[in-house]
Amino acid sequence: MDTSPARFDAREASKWFFQHGHTGWLGLKFADQGDNWVELELPWREDLLGDRSRLVLASGPIISLMDMASGMAIWRASGGFDPVATLDLRVDYQRPARERASVRGRVECYRRTRSAAFVRGIAHDGDPDDPVAHVAGVFMTIGADPRAGNPALKGSDDA
């Protein structure tokens, strides 16, 4: 009998994540996953345009796509769902997405330490060899609720 804990499954988690909050509003979709990477899709929508004269997705939703793919890649690499916080997410845009094109974001977690996880990836609109953007990021892993040991929050409803 296998008693090992279940590995974080981005496909299953996305069924819940993408029905709630910001990622739900954006309409993110799960595309694929590996041992240390996740690929998500941001469908094209007219209300996500940055400039009404150009029918391309704005940069903000693409950054959100890549941030979520980063977190999910970290959880795939670690095997479990532990809270993470974005410390730095650098996005180097290469070009705008094509008009009316969805954007896919594929991010891999290539290194983890006791308190940090490092990611890199690309956003593309159909051809990974012609990326819309490259990303590199550092995320802080949070082992426990940092508010729990804070004496200033004793008796607070927030702790």
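Here, the structure is the one placed above.
Student: So what about the pairing of strand S4 (residues 54-57)? Which residues, and what values?
Tutor: Across two bridges, the pairing between strand S3 (residues 49-51) and S4 is antiparallel. Looking across to S4, one finds that Leu49 is bridged to Leu57. Hairpin connection from S3 to S4: two residues lie between these consecutive antiparallel strands.

Student: Tell me about the nonpolar core, and please be specific about residues and values.
Tutor: Counting 37 residues, the largest nonpolar core has Phe17, Leu40, Leu42 and Met72 as the members making the most contacts within it. Elements supplying a minimum of two residues to this core: helix H1 (10-17), strand S2 (37-42), S4, helix H3 (59-78), strand S6 (103-112), strand S7 (116-124) and strand S8 (133-141). The leading source of residues in this core is H3, at ten residues. Excluding its chain neighbours within four sequence positions, the residues that come into contact with Leu40 are Phe18, Lys29, Phe30, Ala31, Leu65, Met68, Ala69, Met72, Val103, Arg104 and Gly105.

Student: Quick rundown of the sheet that holds S8? Include the residues and the values.
Tutor: Two modes of strand pairing occur in sheets, parallel and antiparallel, and in both the strands are linked by backbone hydrogen bonds. Pairing is antiparallel across the open sheet formed by six strands, whose spatial order is S1-S2-S6-S7-S8-S5. Of all strands in the sheet, those bounded by a partner on one side alone are strand S1 (29-33) and strand S5 (84-93). With direction set aside, neighbouring strand axes in the sheet form an average angle of 20 degrees. Where S6 meets S7, eight bridges bridge the pair, whose relative direction is antiparallel. When the bridges of S7 are listed, Arg104 appears paired with His124. In this fold H1 packs onto S1 and S2, with an angle of close to 170 degrees to the strand it touches most, S1. H3 rests against S1, S2, S5, S6, S7 and S8 of the sheet, and its axis sits at about 40 degrees to S6.

Student: Explain the side chain of Thr23 to me, and be specific about the residues and the numbers.
Tutor: Among the structural elements, Thr23 can be located in helix H2 (residues 21-26). For Thr23, a relative accessible area of 13% gives the class buried. Within the structure, Thr23 has its side chain in polar contact with the backbone oxygen of Phe17 (distance 2.8 Å).

Cut-offs applied
Residues numbered from 1 in each chain as written. Predicted model: local features only at pLDDT ≥ 70, side-chain atom pairs only at ≥ 80, totals over all residues. Heavy atoms only, no water. Pairing = 2+ DSSP bridges. Helix = DSSP H or I, 4+ residues; strand = E, 2+ residues; numbered from the N terminus. Core = buried A, V, L, I, M, F, W, Y, C linked by side-chain atoms within 4.5 Å. Buried < 20%, exposed > 50% of the residue type's maximum accessible area, 1.4 Å probe, protein only. Contact = heavy atoms within 4.5 Å. Axes fitted to C-alpha atoms, helices over the stretch in contact; angles between N-to-C directions. Polar contact = N/O pair within 3.5 Å; in protein donor to acceptor, adjacent residues only side chain to side chain.

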